[in-house]
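Next come the chains, spelled out residue by residue.
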Amino acid sequence: MSSGAAEKQTLARVPAEDVVDYLIAEMTLEEKLAQLAGVWVNASTDGDSVAPLQSQMAGDLRSWEEVIANGLGQITRMYGTVPLEPLDGARRLASAQEQIIAASRFGIPAQVHEECLAGLAAWKATAFPVPLAWGATFNPDLVKEMARRIGTSMKALGVHQGLAPVLDVVRDLRWGRVEETIGEDPYLVGTVATAYVQGLESTGIVSTLKHFVGYSASRAGRNHAPVSMGPRELADVMLPPFEMAIRHGGARSVMHAYTDVDGVPAAANRALLTGLLREEWGFSGPVVADYFGIAFLDVTHGVAADPGEAAVLALTAGVDVELPTVNCYGEPLLRKVREGSIAESVVDEALRRVLRQKAELGLLSPGFSAAPAALSGTVDLDPPQDRALARELAVQSLVLLSNRNHNGTPALPLSAPGSVGVVGPLADDPFAMLGCYSFDAHVGASHPDVPMGISIPSVAGVARERFGSTRVAVTGNCESASNEQIAEACALAASVETCVVVVGDNAGLFGRGTSGEGNDAADLRLPGDQHSMLDSILSACAESGTRSVVVVLSGRPYALGAFVDRADAIVQGFFPGEEGGEALWDVLTGVVNPSGKLPVSIPSSPGGQPGTYFHSKLAGRTEVSALDPSPLYGFGHGLSYTGFELSTHRCSAPTMPTTGTVTVSCTVTNTGPRGGAEIVQLYLEDPVAEVVRPVCELIGYARVELAAGASATVDFVVHADRTSFTGVDLSRVVTPGLVRLRVGTSSKGNSATHEVILHGPRRVVGFDREMLTPVKIRHDG
């Protein structure tokens, strides 16, 4: 019997609770390091990249047999790197796992990870709306169900880990990855992301939180740029969503960010990854590298002289797994351990976390099967129930920004649209529905010879189905349009009764689009020629009396101040996924009553930003600056085809101890002619504090669905911990004094404000504080 066979038999007899200790004791250093890295089996080193500097960071150049000889920690994106039939991918994965098990002494399979930010990023899988659209729904339960569906597909394919969700809070709307975020408010981001984590983890898939931490606050919104942020803003804006998703979501993995904060790259920040995350918060799962992030300590950050030094810095800081392939945790780290630059015990700490997770996933079980469950039957990664869910998410995410009267009646819904025209760069483009991490945009766009794996109707395509003789004029693309194309669109607009103008973004990666990773914007003017094009078309509509409906399908908000008084209606969608075209016409025609609310503010002018509603008094409009950053539409804004009234406002007490609670209540009544949903929002104002505080911040919300004429009572239970902030001594504190609890339907709206006095001692709170505001909805009658 070979030594490998003997080791595998011995391992099978080790009690489950002892298997990790046994492996750490028996493994050679080479075998240990093999568990701390992944291999990108299908990655390309030429052509279009799907990761930063991919062509330059080829990594391990050994043969497959050499790579797996000592085992393997992870397999990177077996399904998500090239267009691959799902069953073919499952067969390849089964074969790879069998080879890994057979080659290594202990027969340990690899952990398999995939991207799953807007659905599983695999050919033929459902393309759900992007995270910014999740935020617009203000519906964590729906997001949780989406994640559960995604996780079910991943599990059937033999995948163990999903690199999602993104918990970065938007700070600069010019950043290309705004579409991947959930919004500009920490509480909205935290609650919606936590729901996603719960859904994914419920299927047994490991959810990986990213990007830890500060990535979205880079200077000038430039990808990978340094972050100029103090510890207080980091603690109060960036960290709470991660705290929430770990404590309440049960996330089992965290991915470090690419950026440096105040000169310290996240991948080399032991105070962050070990001191805060593990020692203070008690997180026990593996920390994985963002792709090539360890090597970037040498290549881009310049805090390491070579891959070996980068490996030592990252491992010491607390990065357990190098992804997507081996640049630093192979031979370079082996040499550093052998020469005594880092103790083998540090390797063992990371290895313990990696093996413990593999044990949780059943990868160390004698009964592990290399064959994904999908091989036992047919595979449908876009079943009807997933498309239906994608449509519901899309419907709830669309935001009606404005709806002025046209010929004496509201422009929307289009109950009798008459002759219809659809114009604009995105009028007939299915890619208008997809974010940069949707497979067909992320990977498929680089394979033009391969058809889309799923059906994605365009705006014009759906209109043709519903109205028959729809006229269409496509004005170039998002970045350019000819004078002839604009003139044709204007002529069409003047010749129809209703003109839908579709503008916005095409998502892509690293310059291959106007939104997405690496596609940062200089300002917030509509990309390319779209601003002047839209100006011309709206002028043509006004002259001819045509009803004009502007639809923005984008990955970030754009400045619409020049058009709000000229368009009869404006609808904002954030890459609403494969069913986005159908959902849009459901809203436009009144089949569905819009209920989406803005997860990010809509700027008025292109240069009046960057800015979010989550700012201090001096960051808003003041008399000491001529630049007014006030948004056109604030966070939380969104109109409906019915009316809602908030009344009977109550607060259970005028005071509460710094350890206590109050209950804020109101009655919501649908005063209009049809059923709909309102998002009741609770904001905290702290007018006098020991440090500068935001003008207001969201601390609770409730989605209330009501039939016409119906009412419901909403109760928010507010714990004093929800008023906490990072104080002058950098500890998180609850302080005595006056706070205001404001109830409304947007960050700019104000239905009622309750003044509450906190009394008692100044309290220091931590990771175990109350992070949520429980909500109860009581339907009357």
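Residues numbered from 1 in each chain as written. Predicted model: local features only at pLDDT ≥ 70, side-chain atom pairs only at ≥ 80, totals over all residues. Heavy atoms only, no water.

Novice: Go over the overall build of the protein with me, naming the residues and quoting the values.
Specialist: For the protein, the count of helices and strands is 20 helices and 31 strands. Relative to the compact-globule value of 28 Å for 781 residues, the protein shows a C-alpha radius of gyration of 27 Å, a close match. Oriented by its inertia axes, the alpha-carbon framework of the protein measures out at about 90 × 70 × 55 Å. Counting every position in the protein, which comprises 781 residues, the buried fraction comes to 62%. If you average the places of the 59 positive and of the 87 negative side-chain charges in the protein, the two averages end up 4 Å apart. (Helix = DSSP H or I, 4+ residues; strand = E, 2+ residues; numbered from the N terminus. Rg over C-alpha atoms; globule rule 2.2 N^0.38 Å. Buried < 20%, exposed > 50% of the residue type's maximum accessible area, 1.4 Å probe, protein only. Lys, Arg positive; Asp, Glu negative; His and termini not counted. Charge placed at Lys NZ, Arg CZ, Asp CG, Glu CD.)

Novice: Tell me about the packing of helix α7 (residues 140-156) against helix α15 (residues 384-397), and please be specific about residues and values.
Specialist: Where α7 contacts α15, the two axes come as close as 11 Å, and the packing angle between them is 150°. By the angle class used here, α7 and α15 are roughly antiparallel. Between α7 and α15 the crossing geometry is left-handed. For the pair α7 and α15, the contacting residues are L142, V143, E145, M146, R149 and S153 in the first and Q385, D386, L389, E392, L393 and Q396 in the second. For the contact of α7 with α15, the class distribution of residues is five nonpolar, three polar and four charged. (Axes fitted to C-alpha atoms, helices over the stretch in contact; angles between N-to-C directions. Parallel < 35°, antiparallel > 145°, perpendicular 65-115°, else oblique. Left-handed = near helix turned anticlockwise from the far one by under 90°. Contact = heavy atoms within 4.5 Å. Nonpolar A, V, L, I, M, F, W, Y, C, P; charged D, E, K, R; others polar.)

Novice: Go over the pattern of salt bridges with me, naming the residues and quoting the values.
Specialist: Summed over all chains, the structure comprises 44 salt bridges. In this structure, E145 engages R148 in a salt bridge whose closest nitrogen and oxygen atoms are separated by 2.8 Å. Highlighted residues: E145 and R148, both in helix α7, separated by three residues, approximately one helical turn. Taking the shortest distance from any N to any O, the salt bridge between R252 and E201 comes out at 2.7 Å. One end of the pair, R252, is in the loop between α9 (231-247) and β6 (253-256); the other, E201, is in helix α8 (residues 186-201), and 51 residues separate them in sequence. By relative accessible area, E201 is classed as buried at 14%. Among the charged side chains, a salt-bridge network with shared partners connects D382, R387, R391, R466, E578, E579, E582 and D586. (Salt bridge = Lys/Arg side-chain N within 4 Å of Asp/Glu carboxyl O.)

Novice: Quick rundown of the packing of aromatic side chains? Include the residues and the values.
Specialist: Summed over the entire model, instances satisfying the criterion amount to 16 aromatic pairs. Measuring from centroid to centroid gives 5.9 Å for F212 and W281, while their planes differ by 65°, and the two rings are edge-to-face. With F212 in strand β5 (residues 206-212) and W281 in the loop between α10 (270-280) and β9 (287-288), this pair connects stretches of sequence that are 69 residues apart. The exposure class of F212 is buried, given its relative accessible area of 1%. Three or more aromatic residues link up through ring pairs in this structure, and these residues are F138, Y187, Y613, F614, F635, Y683 and Y701. (Phe/Tyr/Trp six-rings, centres within 6.5 Å; stacked < 30°, edge-to-face > 60°.)

Novice: Can you break down the nonpolar core residue by residue, with the values?
Specialist: Ranked by internal contacts, the top residues of the largest apolar core, which has 184 residues, are L23, Y196, F212, Y329 and I537. When residues in this core are grouped by element, the largest group, nine residues, is from α9. The contact partners of Y329, leaving out residues within four places of it in the chain, are L33, L36, I294, A311, A314, L315, V319, D320, V321 and E322. L398, A441, I456 and V549 belong to the second-largest nonpolar core, a separate cluster that totals 36 residues. (Core = buried A, V, L, I, M, F, W, Y, C linked by side-chain atoms within 4.5 Å.)

Novice: Residues and numbers for the sheet that holds strand β15 (residues 498-504), please.
Specialist: Judged by pairing direction, the sheet is mixed, and its six strands sit side by side in the order β10-β17-β16-β15-β13-β14 without closing on themselves. What marks the edges here is a single partner per strand, and that holds for β10 (399-403) and β14 (471-473). Averaged over all neighbouring strand pairs, the angle between strand axes comes to 15°, with direction disregarded. Here three bridges tie strand β13 (residues 420-423) to β14, and the two strands are oriented parallel to one another. In the strand pairing of β14, V423 is matched with A473. Contacting β13, β14 and β15, helix α18 (residues 483-495) runs over the sheet at an angle of about 155° to β14. (Pairing = 2+ DSSP bridges.)

Novice: Describe the packing of α7 against α8, listing the residues and the values that go with them.
Specialist: Two packed helices can be described by the angle between their axes and the distance between those axes. Axis separation between α7 and α8 bottoms out at 7 Å; the angle between their running directions is 35°. Where α7 crosses over α8, the handedness of that crossing is right-handed. The residues of α8 that touch α7, namely those facing P140, V143, K144, M146, A147, R148, I150, G151 and M154, are T191, V192, A195, Y196, Q198, G199 and L200. Residues of the contact of α7 with α8, tallied by class, amount to 10 nonpolar, four polar and two charged.

Novice: Lay out helix α12 (residues 307-317) with the relevant residues and their values.
Specialist: When α12 is considered as a whole, its buried residues turn out to be G308, A310, A311, V312, A314, L315 and A317. Here the buried face of α12 lies against α10, α11 (296-299), α13 (331-338) and α14 (344-360). Regarding α12, its N-cap is D306, as a side-chain oxygen of that residue lies 3.0 Å from the backbone nitrogen of G308 further along. G318 sits one or two positions beyond α12 and adopts a positive phi of about 130°. (Polar contact = N/O pair within 3.5 Å; in protein donor to acceptor, adjacent residues only side chain to side chain.)

Novice: Pulling in residues and values, what's your account of the sheet that holds strand β26 (residues 725-726)?
Specialist: Strand order in the open sheet formed by three strands is β26-β27-β30, with antiparallel pairing between adjacent strands. A strand with exactly one partner marks an edge of an open sheet, and here the two such strands are β26 and β30 (763-764). The pairing of β26 with strand β27 (residues 732-734) spans two bridges and is classified as antiparallel. The partner of T726 across the bridge, within β27, is R732.

Novice: Describe the environment of S665, naming the residues involved and giving the relevant values.
Specialist: Note that S665 resides in strand β22 (residues 661-670). For S665, a relative accessible area of 7% translates into the label buried. For the pair S665 and R650, spaced 15 residues apart in sequence, the C-alpha separation works out to 5.1 Å. Setting aside its immediate chain neighbours within four residues, S665 contacts T648, H649, R650, V714 and D715. Among the polar contacts listed, one links the side chain of S665 to the side chain of D715, at a separation of 2.6 Å.

Functional significance is not addressed by these values, which are geometric in nature.
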